[in-house]
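Spelled out from the first residue to the last, the chains are:
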Amino acid sequence: MDTLLRINDEHLKELEDEAVYVIREVAAQFENKVILFSGGKDSIVLVYLARKAFWPAKIPFSLLHIDTGHNFEETLSFRDNLAREFGTELIVKYVQDSINEGKVSEEKGINASRNKAQTVTLLDAIDELKLDVAIGGGRRDEEKARAKERFFSHRNEFGQWDPKNQRPELWNLFNGRKHMGEHFRVFPISNWTELDVWQYIQNENITLPDLYFTHRRKIFSRNGTYLAWAPFMQLKPDEKVFEADVRCRTIGDITCTGVTLSKAQSLPEIISEIAATRVTERGGRYDDKRSEAAMEDRKKEGYF
């Protein structure tokens, strides 16, 4: 058992070193840079890695959150507290503003969500802030479209991603050169798995929103997915709200964040649960079920 723990510690240290190297490359190659911060575990780990990369200096990145207006209150409170704790500038851009300005139409109907509308708000923020790079917490194991991603993901002047136009990254050499109007998304934890993230959180004693641990919540079932209920969500006639012990594996807009029936109330219990499951992390994300290519289509449009 001790040997297995040492091997795992070495594995996590290698992943940490790789991520820190990528984060330092971002700081060296770009001027205007942010961490895309959702309040989820991956973006939280990114902030901790950035602190390690530049300690004892402050993190040289602002945090940018695209707020759909339908976020969990727990996430927003955690976001604000973390920014204060780390002494980092927090920039919040609102999807509601994009709706008010007529730049995006709000979806109607039972399956309405603001998740897709985030793309417009994000691209406007990148243009307004003149960002060269936005660091994200995407991992290649999450979803098949993300498996095509490089560490340095080039985006054209329209903020769009072309998987056929990505640059080679041989020997950890990263090409951040770009033309005016273009930018990069960078994913330092690309090679991590969900289990790696949780084991790192445990090893580093990283604080997370309570949503990740089992709690009592009002939920309902839709097409095989349990969703958290909120007053603004429409229900089908046969859908009933009930209370259950659940937790989140991935956190986003309430309308598309699936919850998992669970009794895991500690990090060791969560790690054991994930190690045993055969359902992918995003298997409960309702927005990914819209089509087989839902994620790839959004990424090509400029999504995270």
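To keep things clear, this report deals only with the structure shown in the data block. (Residues numbered from 1 in each chain as written. Predicted model: local features only at pLDDT ≥ 70, side-chain atom pairs only at ≥ 80, totals over all residues. Heavy atoms only, no water.)

## Comments concerning the overall build of the protein chain
Alright, step 1. When you go through the protein chain residue by residue, the secondary structure sums to eight helices and 10 strands.
Alright, step 2. Per-residue burial over the protein chain gives 53% buried out of 304 residues.
Alright, step 3. A total of about 14700 Å² of accessible surface is found on the protein chain, and carbon and sulfur atoms cover 51% of it. (Helix = DSSP H or I, 4+ residues; strand = E, 2+ residues; numbered from the N terminus. Buried < 20%, exposed > 50% of the residue type's maximum accessible area, 1.4 Å probe, protein only. Areas by Shrake-Rupley, 256 points an atom, 1.4 Å probe, with all protein chains shown as cover.)

## Let's talk about the sheet that holds strand E8 (residues 225-228)
Alright, step 1. The antiparallel open sheet is built from four strands, whose spatial order is E8-E7-E9-E10. Lying at the two open borders of the sheet, with one neighbouring strand each, are E8 and strand E10 (259-261). Neighbour to neighbour, the strand axes of the sheet diverge by 70° on average, direction disregarded.
Alright, step 2. In terms of strand pairing, strand E7 (residues 215-222) meets strand E9 (residues 242-248) through five bridges, oriented antiparallel. The residue of E9 that forms the bridge with Ile219 is Phe242. (Pairing = 2+ DSSP bridges. Axes fitted to C-alpha atoms, helices over the stretch in contact; angles between N-to-C directions.)

## Here's the deal with the nonpolar core
Alright, step 1. Leu49, Phe61, Phe152, Trp192 and Trp198 are the most contacted members of the largest nonpolar core, which totals 62 residues.
Alright, step 2. The greatest single-element share of this core, amounting to nine residues, is contributed by helix H2 (residues 41-54).
Alright, step 3. The residues contacting Phe61, other than those within four sequence positions of it, are Ile23, Val26, Ala27, Lys33, Val34, Ile35, Ala50, Phe54, Thr88 and Ile135.
Alright, step 4. Counting 14 residues, the second largest nonpolar core, distinct from the first, contains Leu36, Ile91, Val104 and Leu122. (Core = buried A, V, L, I, M, F, W, Y, C linked by side-chain atoms within 4.5 Å. Contact = heavy atoms within 4.5 Å.)

## Looking at unusual backbone geometry
As a rule of thumb, non-glycine residues mostly have phi less than zero, and peptide bonds are mostly trans rather than cis.
Alright, step 1. The peptide bond linking Trp55 to Pro56 adopts the cis configuration, its omega dihedral lying at 5°.
Alright, step 2. Of note, Pro56 is situated in the loop between H2 and strand E2 (62-67).
Alright, step 3. You will see that Asn205, though not glycine, has its phi angle at about 55°, which is positive.
Alright, step 4. Structurally, Asn205 can be placed in the loop between helix H6 (194-204) and E7.
Alright, step 5. On the accessibility criterion, Asn205 (64% relative accessible area) is exposed.
Alright, step 6. For Asn223, which is not a glycine, the phi torsion comes out positive at approximately 50°.
Alright, step 7. Mapped onto the elements, Asn223 comes out in the loop between E7 and E8.

## Examining the packing of aromatic side chains
Alright, step 1. Taken as a whole, this structure holds 11 aromatic pairs when the rule is applied.
Alright, step 2. Both rings, one in Phe30 and one in Phe152, keep their centres 5.9 Å apart while their planes meet at 40°; by these two values the pair is tilted. One end of the pair, Phe30, is in the loop between helix H1 (2-29) and strand E1 (33-36); the other, Phe152, is in strand E5 (residues 152-155), with 122 residues separating them in the sequence. Residue Phe30 shares its accessibility class with Phe152, and that shared class is buried.
Alright, step 3. Relative to Phe174, the ring of Phe151 has its centre 5.6 Å away and its plane inclined at 70°; by these criteria the two rings are edge-to-face. With a gap of 23 residues between them, Phe151 in the loop between strand E4 (133-135) and E5 and Phe174 in the loop between E5 and strand E6 (183-186) connect regions that are remote in the sequence. (Phe/Tyr/Trp six-rings, centres within 6.5 Å; stacked < 30°, edge-to-face > 60°.)

## A few points about H6
Alright, step 1. Buried residues of H6: Glu194, Asp196, Val197, Trp198, Gln199, Tyr200 and Ile201, and no others.
Alright, step 2. A positive backbone phi angle near 55° is found at Asn205, which sits one or two residues after H6.

## Notes on the sheet that holds E4
Alright, step 1. Ordered by their spatial adjacency, six strands build an open sheet running E3-E2-E1-E4-E6-E5, and the pairing between neighbours is mixed. Both edges of this open sheet fall to strand E3 (90-94) and E5, since each of them pairs with a single strand only. Averaged over all pairs of adjacent strands, the angle between their axes in this sheet comes to 30°, without regard to strand direction.
Alright, step 2. Taken together, the four bridges between E5 and E6 define a ladder with antiparallel strand orientation. If you follow Arg155 over to E6, its bridge partner there is His183.

## A word on helix H7 (residues 267-276)
Alright, step 1. For H7, the complete set of buried residues consists of Leu267, Ile270, Ile271 and Ile274. Taken down its axis, H7 places every buried residue within 100° of arc, on the same side.
Alright, step 2. Those residues of H7 that are buried are in contact with H6 and E9. (Arc of directions from axis to C-beta.)

## Section: the packing of H6 against H7
Alright, step 1. Running from N to C, H6 and H7 cross one another at 165°; their axes reach a closest spacing of 10 Å. Between H6 and H7, the crossing angle belongs to the class labelled roughly antiparallel. Like other packed secondary-structure pairs, H6 and H7 cross with a definite hand, here left-handed. Contacts between H6 and H7 involve Glu194, Leu195, Trp198, Gln199, Ile201 and Gln202 from the former and Leu267, Pro268, Ile270, Ile271, Ile274 and Ala275 from the latter. (Parallel < 35°, antiparallel > 145°, perpendicular 65-115°, else oblique. Left-handed = near helix turned anticlockwise from the far one by under 90°.)

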